Amino acid sequence: MTPSDAGPAIEVSHLDVALGAAPVLRDVSLTVERGEMIGLLGANGSGKSTLLRTIAGIIPARSGVVRLFGRPVSERGVHDRLGYVPQFAAETGSIPATARETVATGLLGARRWRSSARDPRVRALLADVGLSDLADRPVTQMSGGQRQRVMIARALVRRPELLVLDEPFSGVDTATQATLSTLLARLSQRGTTVLVVLHELGPLTAHLTRTVVLDHGRVVHDGHPDERPLIDPGHDHAIGHGAGHGAGHGSGLDRCLGQEIVP
């Protein structure tokens, strides 16, 4: 590990982000240590998705710094260590690729993805998300929950050290939520750092290192899940404010699972 590679998995410092003329994030600072699983919460419009997209390098910062593993997010190659699952990933396009082919695009992008579909990592990831029996089914013929699992497998196939997910439980049934929670917990136990936007904590509660709550683009809580402020998701505000911070460490990966950034 080089000195420049010795930093936390995520380091956000005094981050301001605007979409057009509208400020969305204001003076946000956040550190996620390697191996932590962090739940990011907040009311609709609080800036959660914007923060994830800025961490993934999709949205530029107006000011402030974002580093991944001690390196600027804009640095060449840093994204090879990141797996990103955007919001509404279950709403995939109309191209009738199979689950196996879709996961394979996470390895090589658009080129040679058909031959990559035979890669053993693809088969292993489909098994991990419980879709081995649907490997050759077109994604367009799958349910929303099944599509979500395909897109998570796609994000994992290049074995990322950091996985960021934007509301992966949105619009999926309880059984799928349980399957995904088990997968994320297993990844975290193996040392993968996980930052996940959640509408509510649900089945991940017991596995989170801590929660971070955004309100009007600012961090109003960073600490134990039980100490977070109550959120009214129907209105753009938090009810009460909490404070705090936490840290955690994970072990090295004995078998990791993979990556691809999807703008």
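Residues numbered from 1 in each chain as written. Predicted model: local features only at pLDDT ≥ 70, side-chain atom pairs only at ≥ 80, totals over all residues. Heavy atoms only, no water.

S.K.: An account of the overall build of the protein is requested, with residue identities and associated values reported.
M.R.: When helices and strands are tallied, the protein shows six helices and twelve strands. For the protein, with 263 residues in total, the buried portion stands at 52%. Sequence-distant contacts, at least 24 apart, represent 69% of the contacts inside the protein between residues at least 6 apart. Surface summary for the protein: the accessible area is close to 11,700 Å², and the carbon and sulfur share equals 50%. (Helix = DSSP H or I, 4+ residues; strand = E, 2+ residues; numbered from the N terminus. Buried < 20%, exposed > 50% of the residue type's maximum accessible area, 1.4 Å probe, protein only. Contact = heavy atoms within 4.5 Å. Areas by Shrake-Rupley, 256 points an atom, 1.4 Å probe, with all protein chains shown as cover.)

S.K.: Explain the confidence of the model for the protein to me, and be specific about the residues and the numbers.
M.R.: Close reading of the predicted structure is inappropriate where its pLDDT is low. Averaged over the protein, the pLDDT score is 81; the fraction of residues at 70 or greater is 78%. Across residues 234-263, where pLDDT falls below 50, the model places 108 contacts with residues more than four positions away in sequence or in other chains. (pLDDT = per-residue confidence, 0-100.)

S.K.: Which residues make up the sheet that holds strand S3 (residues 37-42), and what values do they have?
M.R.: If you walk across this open sheet you meet the six strands as S6-S7-S8-S3-S9-S10, and the pairing is mixed. In this open sheet, the two edge strands, each paired with only one partner strand, are strand S6 (82-85) and strand S10 (218-223). For this sheet, the mean angle separating the axes of adjacent strands, direction not counted, is 15°. Against the sheet, helix H5 (residues 144-156) touches S6 and strand S7 (162-166), its axis set at about 165° to S6. (Pairing = 2+ DSSP bridges. Axes fitted to C-alpha atoms, helices over the stretch in contact; angles between N-to-C directions.)

S.K.: If you had to explain the sheet that holds strand S5 (residues 71-72) to someone new, which residues and values would you point to?
M.R.: Taking strand neighbours across the sheet as the criterion, the four strands line up as S2-S1-S4-S5 in an open arrangement whose pairing is antiparallel. Edge positions in the sheet fall to strand S2 (22-32) and S5, since each has one partner strand and no second. Sheet analysis places strand S4 (residues 63-68) next to S5, joined by two bridges and oriented antiparallel. Bridge pairing in S5 places Arg67 opposite Pro72. Strands strand S1 (10-19), S2 and S4 of the sheet are contacted by helix H1 (residues 48-55), whose axis makes an angle of about 120° with S1.

S.K.: Hey, could you go over the environment of Lys48 for me, with residue numbers and the actual values?
M.R.: With respect to the secondary-structure elements, Lys48 resides in helix H1. By relative accessible area, Lys48 is classed as buried at 7%. Along the primary structure Lys48 and Val197 are separated by 149 residues, whereas in three dimensions their C-alpha atoms are 6.8 Å apart. Aside from chain neighbours lying at most four places away, what touches Lys48 is Leu40, Leu41, Gly42, Ala43, Glu167, Val197 and Leu214.

S.K.: How would you sum up H1? Please name residues and give values.
M.R.: Buried residues dominate H1, accounting for six of its eight residues. When H1 is considered as a whole, its buried residues turn out to be Lys48, Thr50, Leu51, Leu52, Thr54 and Ile55. Phi turns positive, to about 80°, at Gly57, one or two residues after H1.

S.K.: Provide a residue-level description of the packing of H5 against helix H6 (residues 174-189), including the pertinent values.
M.R.: Closest axis-to-axis distance for the H5/H6 pair is 10 Å, and the angle between their directions is 15°. Taken as axis vectors, H5 and H6 run roughly parallel relative to one another. The interaxial crossing formed by H5 with H6 has left-handed handedness. Within the contact between the two elements, H5 uses Gly145, Gln148, Arg149, Ile152 and Leu156 and H6 uses Thr176, Thr179, Leu180, Leu183 and Leu187. Each residue belonging to the contact of H5 with H6 can be placed in one class, and the counts come to five nonpolar, four polar and one charged. (Parallel < 35°, antiparallel > 145°, perpendicular 65-115°, else oblique. Left-handed = near helix turned anticlockwise from the far one by under 90°. Nonpolar A, V, L, I, M, F, W, Y, C, P; charged D, E, K, R; others polar.)

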